[in-house]
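# Descriptive structure summary
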Amino acid sequence: MQLGMVGLGRMGGNMARRLLAAGHRVVGFDRGAEPLRALEAAGGTAAASLADLVRRLDAPRAIWVMLPAGEITEATVRELGALVAPGDALVDGGNSMFKDDVRRAADLSPRGVHYLDVGTSGGVWGAERGYCLMVGGPNEAVARLAPVFASLAPGRGAVEPTPGLPAAAATATQGWLHCGPSGAGHFVKMIHNGIEYGLMQAYAEGFDILRNAGKETLPAAQRYDLDLPAIAELWRRGSVVSSWLLDLAARALAEDPRLGAFEGRVEDSGEGRWTIQAALDEAVPAEVITAALYARFRSRQDHTFAEKLLSALRRQFGGHGEAPAEPRGGQAPAEPRAGQAPAEPRAGQAPVEPRAGEAPAGRRGREAGKEG
């Protein structure tokens, strides 16, 4: 099958190469020259513009847009919508908001142009492993593009189908599914990413607890110097918490057990917020996903106004000073600021010294937001 691919970055470029390897014909466009050269080297055809891409495709056309969600995707779909003909199909494979898909489909439908939204999971590993595809759009267009979805998806592999799976879910065993009408694909992907936030946060917090199991504040008989890379590797085998995310965590910890290359500032790409908004619209509790998103917000701040107010209140009602930040390994302890009382050890407890290379207290809480 012939397909146009707009956006040949890490995801789009890999998807184009996977399609070419499966025997499809790909005409691609990207604003950068290097991605176009890479596409040609893989056997694809480079287009000089969106108009040129449309001219090079046979009718009925199918054009896949693989760009970041937002104005760049909006403008590209709008421009392509003015160039294509009735019977053509436009696919947004990025992470657009599902409500935008509903609107775009309604705008294009009177002109006979099909619009599909495809939530795409697989990241940079998708070229090798395949992509999990969550598809929304009209039945006719989905059926026509089924060969493309089948080539991009992982296939059944070694995963046995769930007993009793409905016949309508047959393609799910191959790694792609027509989830429903316009917007359904990105809605399902949005919830997928919200779940991912919670899973990642749980792994991050669990490993942070393991990492701090040897703290001097704990009774000596209950301190453990644990090998985190080995534990991650252990859990990959036979454990109920095994997953691909755990595989990636094990890889990251094996490469850098202290994750010293990371500061711990964790961004969010929008789907977590949209998931929580959907939960609000549906009046569905989503405590874990909400807390995971807030943890990402927290990771980007040093000390919030709220924390400063907490310290001020503690001083007002009890005369408590702020504890000085624990120094990083190799650094001298910070001097308390003027008017700030040094931290007092508990009765019978020696002052706590940080381990070499251990992050300050303010950073430790944020390290729960690290992504492997």
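Described in the following lines is the structure provided in the data block. (Residues numbered from 1 in each chain as written. Predicted model: local features only at pLDDT ≥ 70, side-chain atom pairs only at ≥ 80, totals over all residues. Heavy atoms only, no water.)

### Considering the overall build of the protein chain
When you go through the protein chain residue by residue, the secondary structure sums to 15 helices and 8 strands. The buried share of the protein chain, taken over its 372 residues, is 40%. A separation of at least 24 residues holds for 65% of the contacts in the protein chain among residues at least 6 apart in sequence. Just so you have it, the protein chain exposes about 19800 Å², and 58% of that area is on carbon and sulfur atoms. (Helix = DSSP H or I, 4+ residues; strand = E, 2+ residues; numbered from the N terminus. Buried < 20%, exposed > 50% of the residue type's maximum accessible area, 1.4 Å probe, protein only. Contact = heavy atoms within 4.5 Å. Areas by Shrake-Rupley, 256 points an atom, 1.4 Å probe, with all protein chains shown as cover.)

### Regarding the environment of G44
For G44, the location among the structural elements is in the loop between α2 (33–41) and β3 (45–46). Exposure remark for G44: the relative accessible area of 11% places this residue in the buried category. Once the C-alpha coordinates of G44 and L20 are considered, the two residues, 24 residues apart in sequence, prove to be 7.0 Å apart. Setting aside residues no more than four positions away along its own chain, G44 makes contact with L20, V26 and L39.

### Regarding the sheet that holds β3
With mixed pairing, the 8 strands of this open sheet are ordered in space as β3-β2-β1-β4-β5-β6-β7-β8. At either margin of the open sheet sits one strand with a lone partner, and together these are β3 and β8 (176–180). Where strand β1 (residues 2–6) lies against strand β4 (residues 62–65), 3 bridges are found, and the strand directions are parallel. Bridging across to β4, G4 finds its partner in I63. α2 contacts β2 (25–29) and β3 of the sheet and is inclined by roughly 170 degrees relative to β2. (Pairing = 2+ DSSP bridges. Axes fitted to C-alpha atoms, helices over the stretch in contact; angles between N-to-C directions.)

### Observations regarding the side chain of D101
Here D101 shows up in helix α5 (residues 98–108). Looking at D101, the relative accessible area reads 0%, which means it is buried. A polar side-chain atom of D101 sits 2.6 Å from a polar atom in the side chain of Y115. When near neighbours in sequence (up to four residues on either side) are disregarded, D101 contacts D92, S96, Y115, D117, S182, G183 and H186. (Polar contact = N/O pair within 3.5 Å; in protein donor to acceptor, adjacent residues only side chain to side chain.)

### Brief notes about the packing of aromatic side chains
What describes a pair of aromatic rings is the distance from one ring centre to the other and the angle between the planes of the rings. One pass over the structure, following the stated rule, counts 5 aromatic pairs. Between F207 and W235, the aromatic rings sit 5.5 Å apart at their centres with planes inclined by 55 degrees, giving tilted as the arrangement. Linking F207 in helix α9 (residues 184–211) with W235 in helix α10 (residues 228–235), this pair joins segments that are 28 residues apart in sequence. When its relative accessible area of 9% is taken as the criterion, F207 is described as buried. You can call W235 partly exposed: its relative accessible area is 28%. (Phe/Tyr/Trp six-rings, centres within 6.5 Å; stacked < 30°, edge-to-face > 60°.)

### Regarding the environment of L177
Position of L177 relative to the elements: it lies in strand β8. Residue classification places L177 among the partly exposed residues on the basis of a relative accessible area of 28%. Between the C-alpha atom of L177 and that of V118, which follows or precedes it by 59 residues, the distance is 9.6 Å. Setting aside its immediate chain neighbours within four residues, L177 contacts L133, M134, V135, A168, A169, T171 and A172.

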